[in-house]
Amino acid sequence: MDRISALRNVEDALAAFEDGECSLSELEADVRAILRTYAADFEGDLRAYRASGDGSADGLVVLAPSALEACDRVAALVEEPGDFSVSPVE
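Residues numbered from 1 in each chain as written. Predicted model: local features only at pLDDT ≥ 70, side-chain atom pairs only at ≥ 80, totals over all residues. Heavy atoms only, no water.

Draft legend 1. Representation of the overall build of the protein chain in the model. Check the secondary structure of the protein chain and you find three helices and three strands. Starting at the N terminus and walking to the C terminus, you meet the elements of the protein chain as α-α-β-β-α-β. Looking at the protein chain as a whole, 24% of its 90 residues are labelled buried. Sequence-distant contacts in the protein chain: of pairs separated by 6 or more residues, those separated by 24 or more amount to 42%. Carbon and sulfur atoms provide 51% of the accessible area of the protein chain, an area that totals close to 6,100 Å². Positive and negative side-chain charges of the protein chain, numbering 7 and 20 respectively, have mean locations separated by a distance of 5 Å. (Helix = DSSP H or I, 4+ residues; strand = E, 2+ residues; numbered from the N terminus. Buried < 20%, exposed > 50% of the residue type's maximum accessible area, 1.4 Å probe, protein only. Contact = heavy atoms within 4.5 Å. Areas by Shrake-Rupley, 256 points an atom, 1.4 Å probe, with all protein chains shown as cover. Lys, Arg positive; Asp, Glu negative; His and termini not counted. Charge placed at Lys NZ, Arg CZ, Asp CG, Glu CD.)

Structure below.
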């Protein structure tokens, strides 16, 4: 998905929300899916990894070529990541 397609899809999702065709939680899920698809296509061979743990990294999703590099990216993005692990997002 290219940038223009992603923006159009987000605009369509916002229009559906404004017209009362979906709830806020449905809008959030749609936009999240659009962004993940865009990022996955844009980044090529990178995979999405989600951090889980008891620190501020919990729930963070990053794109990386491996779990080890995903851990590095997560740690670089948050000030106090705490103990966390990463797993591929399906």
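Draft legend 2. Quick look at the environment of L14. With respect to the helices, strands and loops of the structure, L14 is situated in helix α1 (residues 3–18). Residue classification places L14 among the partly exposed residues on the basis of a relative accessible area of 38%. For the pair L14 and A51, spaced 37 residues apart in sequence, the C-alpha separation works out to 28 Å.

Draft legend 3. The arrangement of the sheet that holds strand β3 (residues 84–88) in detail. The sheet built from three strands is open, its strands ordered β2-β1-β3 with antiparallel pairing. In this open sheet, the two edge strands, each paired with only one partner strand, are β2 (61–64) and β3. Taking each pair of neighbouring strands and ignoring which way they run, the sheet shows an average axis angle of 40°. One ladder, built from four bridges, connects strand β1 (residues 47–53) with β2; its direction is antiparallel. Following the sheet pairing, A48 is matched in β2 by L63. Against the sheet, helix α3 (residues 67–77) contacts β1, β2 and β3, and its axis sits at roughly 130° relative to β2. (Pairing = 2+ DSSP bridges. Axes fitted to C-alpha atoms, helices over the stretch in contact; angles between N-to-C directions.)

That is the geometry; function is a separate question.
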